[in-house]
Amino acid sequence: MENKTGKYFKYAIGEIILVVIGILIALQINNWNENRKESLEESSILQNLYDEFSENKKLFEKNMSATKIAKQTGYTIMNLIGKPEEELKTKNIDSLLYMVLEPGEFRPSENTINDLIQSGRLRLLKNKKLKTLLYNWQSELKDVHVAFERAELKIDNELIPYLSQHYALKDIDKYGALNWKENTNLKIDKYAIFNDIEFENITDDYLYRVVAAKKSLERIGKTIDTILEETND
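Treat the numbers as computed from the prediction; the structure is a model and nothing was measured.

S.K.: Would you mind going over the overall build of the protein with me for this structure?
M.R.: When you go through the protein residue by residue, the secondary structure sums to 7 helices and 0 strands. The secondary structure elements of the protein, listed N-terminal to C-terminal, are α-α-α-α-α-α-α. Overall, the protein is about 125 × 30 × 25 Å in size when its C-alpha atoms are taken along their principal axes. For the protein, the residues scored as buried account for 35% of the 233 residues in total. Of the contacts formed within the protein by residues at least 6 apart in sequence, a portion of 83% connects residues at least 24 apart.

Have a look at this one:
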């Protein structure tokens, strides 16, 4: 009886060990499968981020180009203030005013980032630097929006109202969507604004805001480049 009991006991222990080993193997296989799925999903996320930010890079470059033109044109206009009429007549003032009024607008795609944050799938990314960049993205983008909104407010609230009283908007709009073929038929002294301190002050403050917007855009441009680098490994 003692021999039989010992055999049964050893057999039971052996069975338990086999069951435990089987469970451990099953868990290991399950973990391997889960890790494989997460790795595949991470690769898909990285590709989606790369594709989205590649398009955002194109939008950024387009916006940066418009902002640079607005800034450079603003400096040109400021340098013309107080100059003699003979010199002003050598410049296309209508075109200069049109270009300075188009500082650009950066509205990138955020579909992938928003989905990752809302779904909690951002945790799948192993790259801590990339996760930090993505978490900070919306904050940086808000800074850009605020900077450009300040410039647009200056245009809408002061610059356009001033030009409406002292200039011919139709002549400026020849270079925009309205595409007028002829100047205004009204007689107006376009050069008078270049001897008006109010115009100089409005333009100076507007240019200050454009420069600030350009700096914020440059910062987010570096973030875009870094995200592209981190998602293209």
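S.K.: I would appreciate a short explanation of the environment of glutamine 72 in the present structure.
M.R.: With respect to the helices and strands, the residue glutamine 72 is situated in helix 1 (residues 2–80). Distance from glutamine 72 to leucine 207, taken between C-alpha atoms, is 9.3 Å for residues 135 residues apart in sequence.

S.K.: Could you clarify how one ought to interpret unusual backbone geometry in this entry?
M.R.: Excluding glycine, residues mostly carry a negative phi; peptide bonds, for their part, are mostly trans. At asparagine 179, a residue that is not glycine, the phi angle is positive and equals roughly 50 degrees. Inspection of the secondary structure assignment puts asparagine 179 in the loop between helix 6 (169–172) and helix 7 (197–230). Note on asparagine 179: relative accessible area 39%, which makes it partly exposed.

S.K.: What is the right way to read the packing of helix 5 (residues 128–166) against helix 7 from this model?
M.R.: In contact at an axis separation of 9 Å, helix 5 and helix 7 are set at 160 degrees when each is read in the N-to-C sense. Classified by the angle between their axes, helix 5 and helix 7 sit roughly antiparallel to one another. Between helix 5 and helix 7 the crossing geometry is left-handed. For the contact of helix 5 with helix 7, the per-class residue count stands at 23 nonpolar, 4 polar and 11 charged.

Conventions and cut-offs
Residues numbered from 1 in each chain as written. Predicted model: local features only at pLDDT ≥ 70, side-chain atom pairs only at ≥ 80, totals over all residues. Heavy atoms only, no water. Helix = DSSP H or I, 4+ residues; strand = E, 2+ residues; numbered from the N terminus. Buried < 20%, exposed > 50% of the residue type's maximum accessible area, 1.4 Å probe, protein only. Contact = heavy atoms within 4.5 Å. Axes fitted to C-alpha atoms, helices over the stretch in contact; angles between N-to-C directions. Parallel < 35°, antiparallel > 145°, perpendicular 65-115°, else oblique. Left-handed = near helix turned anticlockwise from the far one by under 90°. Nonpolar A, V, L, I, M, F, W, Y, C, P; charged D, E, K, R; others polar.

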